[in-house]
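# Residue-level structural notes
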Amino acid sequence: MGIYFACFTRWHLFSKLDYRFRCTSPVAKVIAVCSTDSLMITIDVIMKEKSITNPLKSILGCLSLFGVMAALLLFLPGHVGSTAEAQTTWSNTNAAPPVPSIVDDFVPEFVDLPNFGEGDEQAVPSGSKLIDIAEFQSPDEQWPSYSRSELPVESGETWLGLYASKGELQLASTKLTRSPREGYVGAGDEPYDWLKYERKGELIFLVNGVPELKPGNVTTLFSREASDKSDSLEGGYKRTFRLGVNSYVLRVTTGLQRDGGKVNVLILESGGKSQIVTFNLYYKDHNTLYNIIGDLIWAGDIDGDGKLDLYFSDYNFEKGGFGSNFYLSRQAADGKLVRRVAVFGSVGC
């Protein structure tokens, strides 16, 4: 009887350890074995030895009871905790990872800005044309190529080009020729044309139809071609340019449109004047942040009036797309610092 009872007790303890409490501790199992073995021996002695006196039976009974209780006290608290840990591990393993909350620190400096498509502040003078060269010039090709419908030039026309040579920039006239790029089809299955120019050299852009521009040396304060890295016009950007006695601050901040749309805003400040040069879409979610106007490509005085002019790219929201903007001080309206006089754009995929 004692042996059967002890064996049942050992099985019960192990079943609790292994299944209910998910116990894998060898120490707890050894204690359980020893305790149940001592219980088995004690009960067996009590049952067989009729001559054992009552006091001795009492002592052996107490020892047996103590052994069982000790085993229970040793493994129960610890393995209840182990069960909770196991359940927690299971829960953490199977649950979907927590999604971090979006921290949007957007605080608009400007409000009531025009919605996209409203107003004519960004309209350019009729007849002005612009072609970016640096972005489309491949090191593997002698000439840049463009989508046929986006190239605003006819063979034989003479344009002004901004050339870089030995760290200096100058405007120079050059005759242009376009010819089909045989066997090449670009975005939208549209054929492409080569653009060739007579005057050789490192060309940044070509411009036509802007009467304020004349051939000659150009005062340059920043040129991406001569810099180790481009100037990204992103949120928080701020740079000071000094041109003669004039000081200019170009910076990127934030604004709200009339319909509540969030926008990045490019600001130019000088001599107590502050002008919103342009603005574009601001957007932020878990995977995306649009807080950039584009890249500054060139800054200096290209029209010879001693004031700052700008040439910068648009941010490419569309893969493969490119756009650029040319701003002059000579055409600025009253109370303004610059005006956009020419624009270039190429669509992407």
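This section reports on the structure supplied with the text.

Cut-offs and rules
Residues numbered from 1 in each chain as written. Predicted model: local features only at pLDDT ≥ 70, side-chain atom pairs only at ≥ 80, totals over all residues. Heavy atoms only, no water. Helix = DSSP H or I, 4+ residues; strand = E, 2+ residues; numbered from the N terminus. Contact = heavy atoms within 4.5 Å. Salt bridge = Lys/Arg side-chain N within 4 Å of Asp/Glu carboxyl O. Core = buried A, V, L, I, M, F, W, Y, C linked by side-chain atoms within 4.5 Å. Buried < 20%, exposed > 50% of the residue type's maximum accessible area, 1.4 Å probe, protein only. Phe/Tyr/Trp six-rings, centres within 6.5 Å; stacked < 30°, edge-to-face > 60°. Lys NZ or Arg CZ within 6 Å of the ring centre and 35° of its normal.

Next up on the list: the side chain of Ser 223. Position of Ser 223 relative to the elements: it lies in strand S8 (residues 216–223). Residues within four places of Ser 223 in sequence aside, it is in contact with Leu 169, Ile 204, Ile 297 and Trp 298.

This part covers the pattern of salt bridges. Going through the model one piece at a time under the given rule, you end up with nine salt bridges. With a closest N to O distance of 3.7 Å, Arg 224 and Glu 135 form a salt bridge. Here Glu 135 lies in the loop between strand S2 (129–132) and strand S3 (145–147) and Arg 224 lies in the loop between S8 and strand S9 (231–234), a separation of 89 residues in the sequence.

For the rest of this paragraph, the subject is the nonpolar core. Core analysis: the largest hydrophobic core is formed by 38 residues, its most contacted members being Ile 131, Leu 162, Leu 195, Phe 205, Leu 213, Ile 302 and Phe 326. Those elements that provide at least two residues to this core are S2, strand S4 (158–165), strand S5 (168–185), strand S6 (191–197), strand S7 (202–208), strand S16 (292–301), strand S18 (322–328) and strand S19 (339–346). Apart from residues lying up to four places away in sequence, Ile 131 is in contact with Tyr 146, Leu 151, Pro 152, Val 153, Trp 159, Leu 195, Phe 205, Leu 206 and Phe 344. Phe 241, Val 252, Ile 293 and Tyr 327 belong to the second-largest nonpolar core, a separate cluster that totals 20 residues.

Enumeration over the complete set of coordinates arrives at 14 aromatic pairs. Aromatic pair Phe 136 and Tyr 146: ring centres 4.8 Å apart, planes at 35°, arrangement tilted. With Phe 136 in the loop between S2 and S3 and Tyr 146 in strand S3, this residue pair connects regions lying 10 residues apart in the sequence. Judged by relative accessible area, Tyr 146 falls into the buried class, the value being 2%. Seen from their ring centres, Phe 136 and Phe 322 are 5.7 Å apart, and the 85° between their planes marks the pair as edge-to-face. On the criterion of sequence distance, the pair formed by Phe 136 in the loop between S2 and S3 and Phe 322 in strand S18 is long-range, its members being 186 residues apart. Through pairs of rings, three or more aromatic residues link up here, namely Phe 136, Tyr 146, Phe 322 and Phe 344. Looking at Arg 181, its charged tip hangs above the ring of Tyr 184, at a distance of 4.0 Å from the centre. Positioned over the ring face of Tyr 163 is Arg 199, at 5.5 Å from the centre of the ring.

Remember that the coordinates give geometry; whether it matters functionally is a separate question.
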